[in-house]
Amino acid sequence: MLQQATALKILEDRLLWLSHWMIHHANHIRPKQDGIKVGGHQASSASMVSIMTALYFSALRPEDRVAVKPHASPVFHAMQYLMGNQTLEKMQNFRGFQGVQSYPSRTKDVDDVDYSTGSVGLGVAITAFGALVQDYITAKSWGGELTQGRHVALVGDAELDEGNIYEALQEGWKNDLRNCWWIIDYNRQSLDGVVREGLFERIEKIFEAFGWNVIRVKYGALQRAAFAEEGGDALRAWIDACPNQQYSALTYQGGAVWRKRLMEDLGDQGPVSRLLDKRDDEALAALMENLGGNCVTTMAEVFASVTDERPTCFLAYTIKGWGTPIAGHKDNHGGLMTKAQMAGWQAHMGVPQGQEWEKFAAVEDVAALQSFLDTVPFFARGRRRYDDAVLPVPEIQFSSEREISTQMAFGKILDDLSKGDSKLAERIVTMSPDVTGTTNLGPWVNRRKLFARTAQTDAFIEHRIPSTAKWEFTPEGQHIELGIAENNLFLLLGAAGLSHSLFGKRLIPIGTLYDPFVARGLDALNYACYQDARFMVVGTPSGVTLAPEGGAHQSIGTPLIGMSQDGLAAFEPAFADELAEIMAWAFGYLQKDGSGDPDERTWLRDETGGSVYLRLSTNPIEQPGKRADDLWQQGAVDGAYWLRPPGPNCEVVIAYQGVIASEAIKAAGELAEHRRDVGVLAVTSADRLNAGWTAAQRARARGQANAQSHVERLLGELSPHCSLVTVIDGHPATLSWLGAVGGHKTIPLGVEHFGQTGAIADLYRHYGIDSDGIVQKISGLTHGRRINAA
């Protein structure tokens, strides 16, 4: 059987070749349909080959989870191809339709992706939150048998420019982060230039300040051996002093230029000259390019040396494009080997013509290598995707108060769940970026406590100081306290929302934040949804209803975010009973297995599941009291129902979404004195209505003539001359499309500009979304007259 060191070197060559051939094939051989460069980052892949070979084939165990540097995707897919987890057909279609993805994707790729990556920095930071979720589960009585694994990020040095990484470092320190590795590919070249000199010193200080172990991996085995020779000290000092740009440029030019430059700088010193003269140009180039991160033996040794749980940063020095003809070139980030360069490199790599896709081309003892692969621990259990039983949803109670806000109702619903002993309540984990109390999570936290691996008492309770909040930290706690960083909230929601798949233990994550600040964490929210993480996010307070706070705390476009964000079902209920129905449905929706066609959701009720966004308000409004029937309940979940059904001669329908309900209802009452059969459509989810409508249209285009969406059934009752007036405490485009469903004239009302301080009534009046404003818009409507917004 092959020794590990020999096997790793063979695998390093195989991964280097397969990853680069896959990119070359996509750009230079596969027929192009549109003439656009396919791309694929050959140089960025090359700098990671040694690191990834050592990591996956010597250091990792099945319980470990990895976020791969986005531009190292070809290496990852080549590795999975070697292990039988990726198909040749998809490799040949790299970056093509239904081929392997540009960047590793949990949902789009067939191989064993732990964390999707692509938006740089987010894949790095989520590993810290994955480790935190692992600790959370392990601390619970129902999760104690979980085997602790390491959460590893393969980091491009340019990713360290992303601020969210440093936000995550701070949160990790606060939560006693452990079992987290960040391995930095320190190749010192990015798309627009070369990394500034001395950056590594700043990086080390930052990590050390947050309690991380920092291991600098600068020299490979060849270099360390050379340093031990006479003259080695001088060579090492020269390497340490050489600027990044110079080192890259010399690498690209090769051994003869290396020799000339070293002799010029070091002089004809006997020991140094003898050290250089021992090596021909090819060997000298190999020596100078043998940085620690490009030495598979060194990386394997370094990984094996870390045996504790302390978070560890490996600063691995590499050469961008290592081992290829474009190594070190200034333009190699997006550059590709030419056909001539590839032909010469293929000969250098010993890959015969016609065997470019062979897994073990140029391998002398295939059986021995396969035997080694069969025993690699990380791959021993096959694809590491788990699941957990669906948690039954208990009856969700809602407040019977005559006046209440949806934010307050949300808090009461969670508080009621916290009093029970349901399996669902046991698995709920809440989190908030320093707005726990002001988003009404306080009662839940008081009963279910805050999470920490080590118990911490509340000093205010200890000193008998009265307070409505009980900040008691305990391993049994079910709330994770976060600082003011919305990116961290969505990354933690993403990690917790993957717990059933990563750990085989289902969580029901619920995060709250001020609704306008959804936009601050939007990249991380999109990232979490792209991975099909399952969570509930509550944006409250929303719209201009936080009137005294002014425009900075008032949201305008978040309903449109909710509509446009894939993987997220957005709701904006007006009443407490609607919220209770939606939350009961949502707890089941979060747990759906994802099977089925997402294009057919809603109108068929054959849904794939996903995350849920609730846009709630602080404005208490009068509740509808006892409902005439139960038809509204399914409508609230599907997106809309008739609060006031239109009569046969209906001329106007007021369609509202959210807390503006009270103004719409009041306006309808005033209009009823002059217009017949005014209808009021309660929209709880423009997102669900729109998704169902577009899905039904696609279904009809595929020949399913009977496909009809919920909104089409609702508006199909209206006569062609009926007009719609839509109103929302948010951007009017949220509901303006309703007129296109049945061809009805539509006046959309809402908020398009930043708000200001004042009372709610003042701001409603200012934007024309109060009852008087609605009535005024409708008062001039006559049959056949053109409808204008003014």
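Residues numbered from 1 in each chain as written. Predicted model: local features only at pLDDT ≥ 70, side-chain atom pairs only at ≥ 80, totals over all residues. Heavy atoms only, no water.

So, about the overall build of the protein chain. Check the secondary structure of the protein chain and you find 34 helices and 20 strands. By the compact-globule yardstick of 28 Å for 790 residues, the protein chain fits well, its C-alpha radius of gyration being 30 Å. The dimensions of the protein chain, computed from C-alpha atoms along their principal axes, are 105 × 70 × 45 Å. Taken across its 790 residues, the protein chain has 59% of its residues classed as buried. Once local pairs closer than 6 in sequence are excluded, the contacts in the protein chain between residues at least 24 apart make up 77%. Accessible surface, the protein chain: about 30,900 Å² in total, of which carbon and sulfur atoms supply 50%. Once the 74 positive and 94 negative side-chain charges of the protein chain are each reduced to a mean point, those two points are 1 Å apart. (Helix = DSSP H or I, 4+ residues; strand = E, 2+ residues; numbered from the N terminus. Rg over C-alpha atoms; globule rule 2.2 N^0.38 Å. Buried < 20%, exposed > 50% of the residue type's maximum accessible area, 1.4 Å probe, protein only. Contact = heavy atoms within 4.5 Å. Areas by Shrake-Rupley, 256 points an atom, 1.4 Å probe, with all protein chains shown as cover. Lys, Arg positive; Asp, Glu negative; His and termini not counted. Charge placed at Lys NZ, Arg CZ, Asp CG, Glu CD.)

Attention now goes to the side chain of Thr 734. Summarising the element assignment, Thr 734 is placed in helix 31 (residues 733–736). A relative accessible area of 0% places Thr 734 in the buried class. In terms of polar contacts, Thr 734 uses its side chain to reach the backbone carbonyl oxygen of His 731, at 2.7 Å. (Polar contact = N/O pair within 3.5 Å; in protein donor to acceptor, adjacent residues only side chain to side chain.)

The element strand 11 (residues 508–513) is largely enclosed, with a buried count of six among its six residues. Covered by surrounding structure in strand 11 are Ile 508, Ile 510 and Thr 512 together with Pro 509, Gly 511 and Leu 513, the residues of both alternating faces. Taken together, the four bridges between strand 7 (residues 428–433) and strand 11 define a ladder with parallel strand orientation. Looking across to strand 11, one finds that Thr 430 is bridged to Ile 510. (Pairing = 2+ DSSP bridges.)

Glancing now at the sheet that holds strand 1 (residues 65–67). Judged by pairing direction, the sheet is parallel, and its five strands sit side by side in the order 1-2-3-5-4 without closing on themselves. Two strands close off the open sheet at either side, each with one partner strand: strand 1 and strand 4 (213–217). With strand direction ignored, the average angle separating the axes of adjacent strands in the sheet is 15 degrees. By the bridge criterion, three bridges tie strand 1 to strand 2 (residues 151–156) in an arrangement that is parallel. Paired with Ala 67 across the strands is Ala 153, a residue of strand 2. Against the sheet, helix 3 (residues 49–59) contacts strand 1, strand 2, strand 3 (180–186) and strand 5 (312–317), and its axis sits at roughly 175 degrees relative to strand 2. Against the sheet, helix 6 (residues 122–138) engages strand 1, strand 2 and strand 3, with an angle of about 170 degrees to strand 2. (Axes fitted to C-alpha atoms, helices over the stretch in contact; angles between N-to-C directions.)

Let us now look at the packing of helix 1 (residues 4–29) against helix 17 (residues 366–374). If you want to describe how two helices pack, look at the angle between their axes and the distance between the axes. Between helix 1 and helix 17, the shortest axis-to-axis distance is 11 Å and the interhelical angle comes to 100 degrees. Here helix 1 lies roughly perpendicular to helix 17, going by the angle between them. Contacts between helix 1 and helix 17 involve Gln 4, Ala 7, Ile 10 and Leu 11 from the former and Leu 369, Phe 372 and Leu 373 from the latter. Here the residues of the contact of helix 1 with helix 17 are counted per class, giving six nonpolar, one polar and no charged. (Parallel < 35°, antiparallel > 145°, perpendicular 65-115°, else oblique. Nonpolar A, V, L, I, M, F, W, Y, C, P; charged D, E, K, R; others polar.)

When charged atoms on two side chains of opposite charge get close, those side chains can pair. By the definition in use, this model includes 38 salt bridges. Lys 218 is paired through a salt bridge with Asp 240; the nearest N and O atoms lie 2.9 Å apart. Taken together, the positions of Lys 218 in the loop between strand 4 and helix 9 (221–227) and Asp 240 in helix 10 (residues 232–241) put the pair 22 residues apart, joining distant regions of the chain. Taking relative accessible area as the criterion, Lys 218 reaches 12% and is therefore assigned buried. Since its relative accessible area comes to 39%, Asp 240 is described here as partly exposed. (Salt bridge = Lys/Arg side-chain N within 4 Å of Asp/Glu carboxyl O.)

Attention now goes to the sheet that holds strand 17 (residues 652–657). Ordered in space as 16-18-17-19-20, the five strands form an open sheet in which the pairing is mixed. Whereas interior strands pair on both sides, the edge strands pair on one side only; in this sheet they are strand 16 (640–644) and strand 20 (746–749). Here the average twist between neighbouring strands, direction ignored, is 20 degrees. Inspection of the sheet shows strand 19 (residues 723–728) paired to strand 20 by four bridges, in the parallel sense. Its bridge partner being in strand 20, Leu 724 is matched across the sheet by Thr 746. Relative to the sheet, helix 28 (residues 661–671) contacts strand 16, strand 17, strand 18 (679–683) and strand 19, its axis offset from that of strand 17 by approximately 165 degrees.

A few words on unusual backbone geometry. Along the chain, Thr 540 connects to Pro 541 via a cis peptide bond; the corresponding omega equals 0 degrees. Here Pro 541 lies in the loop between strand 12 (536–539) and helix 25 (558–564). Positive phi is not limited to glycine here, since Asp 532 has a value of about 65 degrees. Summarising the element assignment, Asp 532 is placed in the loop between helix 24 (522–530) and strand 12. The exposure class of Asp 532 is partly exposed, given its relative accessible area of 30%.

Before going further, it helps to examine the packing of helix 3 against helix 4 (residues 73–82). Where helix 3 meets helix 4, the closest approach of the two axes is 10 Å, and the angle between their N-to-C directions is 40 degrees. In terms of orientation, helix 3 lies oblique with respect to helix 4. Our pair here, helix 3 against helix 4, has a crossing hand that is right-handed. Across the interface between the two elements, Val 49, Met 52, Tyr 56 and Phe 57 of helix 3 pack against Val 75, Phe 76 and Met 79 of helix 4. Counted by class, the contact of helix 3 with helix 4 contains seven nonpolar, no polar and no charged residues. (Left-handed = near helix turned anticlockwise from the far one by under 90°.)

A word on the environment of Asp 64. As for its position among the elements, Asp 64 is in the loop between helix 3 and strand 1. Using a relative accessible area of 5% as the deciding quantity, one classes Asp 64 as buried. The sequence separation of Asp 64 and Thr 147 amounts to 83 residues, and the corresponding C-alpha distance is 9.5 Å. Look past the residues within four positions of Asp 64 in its chain and what remains in contact with it is Ala 59, Asp 114, Gly 149, Arg 150, Phe 378 and Arg 384.

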